[in-house]
Amino acid sequence: MKSLSLFSIVLTAICCISGAEKNKSLVQDQKKPNIILIMADDLGYETLGVYGGSSYNTPNLDELAYEGMRFDHCYSTPLCTPSRVQIMTGKYNFRNYISFGLLDSKEKTFGHYMQNAGYKTLITGKWQLWGNTRQQELAGGRTGTTPEKAGFNDYCLWQIDERGSRYKNPHLASKKNGTLTYSDAYGPDLFVEYMEGFMETYREDPMFIYYPMVLTHDPFVPTPKNPGFKTFENTSKTNDTTYFGEMVSYMDLLVGKIVKKTEDLGIRQNTLILFIGDNGTDTDVTSIINGTELTGDKGNTTSAGTHVPLIANWKGKIKPGSVNENLIDFTDFLPTLLEVATGKLPDSIQTDGLSFHPQLLGKETKVRDWIFCDYAPNWGKFQARKYVQDRKWKLYENGEFYNLEDDPFENNPLDITHQSSEVTSLIQRFKKVLETYKTKKP
């Protein structure tokens, strides 16, 4: 056998290393994309600078939008549990919403489906889907479910079956540490730190991270950026909207921290980041958007209660500076996530949603003509309502009809018998949608 020259040995080694690096790069390129879904609590679209809001500082979220896609017509339900059940299951609420604070344990969520697609799944933030005594009573004695049974490998959460504080000295439950009260800590910081640890552990695996924030829900209290945070007593009855602005800013800061972690781990290019609000802003909060005052209307079915921000950022995939005017509702997220993860939506999955994955990539695809909402809060004094809307028109099941461009606060219902032929045709289409979804609750 002929001996190899030093040059041949070196050349062979270089080729091997080059081939290995190429294969490694190929594996990274072929790896399923990570998905981080962040949902702020009680945050309408008017609060963010990128939507024309001028009351608060949101540089990180604004930058995410400028580098990605801003959706101008995403609509939730007006209240947290209906929105959470809808986004997690991809179904309208009449199919599976059993009561406020509960998620039906029989339901499959995007956690289950993403696990089945080979993803490591984490939820961190707010749970509130098991139900307290009163909520379970309103549900006829039924209970909700826990994060493990909802498809999540790991979790760090506020309010699974115990409440306590979500902000200073938080009372949290995690898979690693059980249920603890963390003295002198701040809940939102701990959620993100837990997420960062999860990302470090599974950086080589496809990850689905769902972060339903506790910010910016009341009580409105100081954040760690406030000099008075150290002496603030979390057991006080403080609930002052003066603090809302700094809570928005802290929320934005945490989003920036999450983005930076993906950069530090080298997974930024292969990570889709989605940011939304679960419903409109608190009714005690008034903000300025495009020079006009807007008071939040959480709990009610006006645009101020249901029009929420949606930002999508995926470097190298989404064209920077994109603005999307199409309608999106919360049933659309589950099919979108599964298309991103697997390339298609399995036929066996029942969903009322329409994937907007092609829209993220700038591809021609079917888009929504309307959004339907069956809102039965079963909580507080909020009124149950069912309606269909598009960007301009809104028809309630009881016949109330509004032009949202002229009357966004729905003060003056229109006479549906005296409309143009074009609008009359639209009303008939909306009535057919309402009739299609005229179904009893579970």
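Up top is the structure.
All values derive from a computational prediction rather than experimental measurement.

Caption draft 1: Quick look at the environment of glutamate 435. Locating glutamate 435 in the fold gives a position in helix H12 (residues 421-436). The class for glutamate 435 is exposed, based on a relative accessible area of 51%.

Caption draft 2: Quick peek at the environment of methionine 88. In this fold, methionine 88 is placed in helix H3 (residues 80-89). As a C-alpha pair, methionine 88 and tyrosine 210 span 122 residues in sequence and 9.8 Å in three-dimensional space. Discounting residues that sit within four places of it in the chain, methionine 88 has contacts with Leu103, Lys108, Thr109, Phe110, Trp127, Leu129, Phe152, Tyr210 and Leu334.

Caption draft 3: Region of the structure containing the packing of helix H7 (residues 187-201) against helix H8 (residues 244-264). Look at H7 against H8: their axes get within 11 Å of each other, and the N-to-C directions meet at 10 degrees. In terms of orientation, H7 lies roughly parallel with respect to H8. Of the residues in H8, those touching H7 at Pro188, Asp189, Val192, Glu193, Met195, Glu196, Met199 and Glu200 are Tyr250, Leu254, Lys257, Ile258, Lys261 and Thr262. Looking at the contact of H7 with H8 residue by residue, the classes come out as seven nonpolar, one polar and six charged.

Caption draft 4: Just the packing of helix H2 (residues 59-66) against H8, in detail. Axis separation between H2 and H8 bottoms out at 7 Å; the angle between their running directions is 50 degrees. One way to sum up the angle between H2 and H8 is to call them oblique. Of the residues in H8, those touching H2 at Pro59, Asn60, Leu61 and Leu64 are Met251, Asp252, Leu253, Val255, Gly256 and Val259. Among the residues making up the contact of H2 with H8, the classes are represented as seven nonpolar, two polar and one charged.

What counts, and where the lines are drawn
Along each chain, numbering runs from 1 in the same order as the chain's sequence is written. Local features in a predicted model are, by the rule used here, given only for residues with pLDDT of at least 70; side-chain atom pairs are given and counted only at 80 or more, and totals for whole chains, interfaces and linings are based on all residues. Side-chain numbers here rest on the full set of heavy atoms in the structure, without hydrogens or water. In this description a helix means any DSSP run of H or I spanning at least four residues, a strand means any run of E spanning at least two, and both kinds are numbered starting from the N terminus. Only protein chains enter the accessibility calculation, which uses a 1.4 Å probe; a residue is then buried when its area is under 20% of its type maximum, exposed when over 50%, and partly exposed in between. Pairs of residues are marked as contacts when any of their non-hydrogen atoms sit within 4.5 Å. The axes used here are C-alpha line fits, helices contributing only the stretch in contact, and every angle between their N-to-C directions lies in the interval 0 to 180 degrees. In these notes the angle categories are as follows: under 35 degrees is roughly parallel, over 145 is roughly antiparallel, 65 to 115 is roughly perpendicular, and the rest is oblique. Classification used: nonpolar for Ala, Val, Leu, Ile, Met, Phe, Trp, Tyr, Cys and Pro, charged for Asp, Glu, Lys and Arg, polar for all others including Gly.

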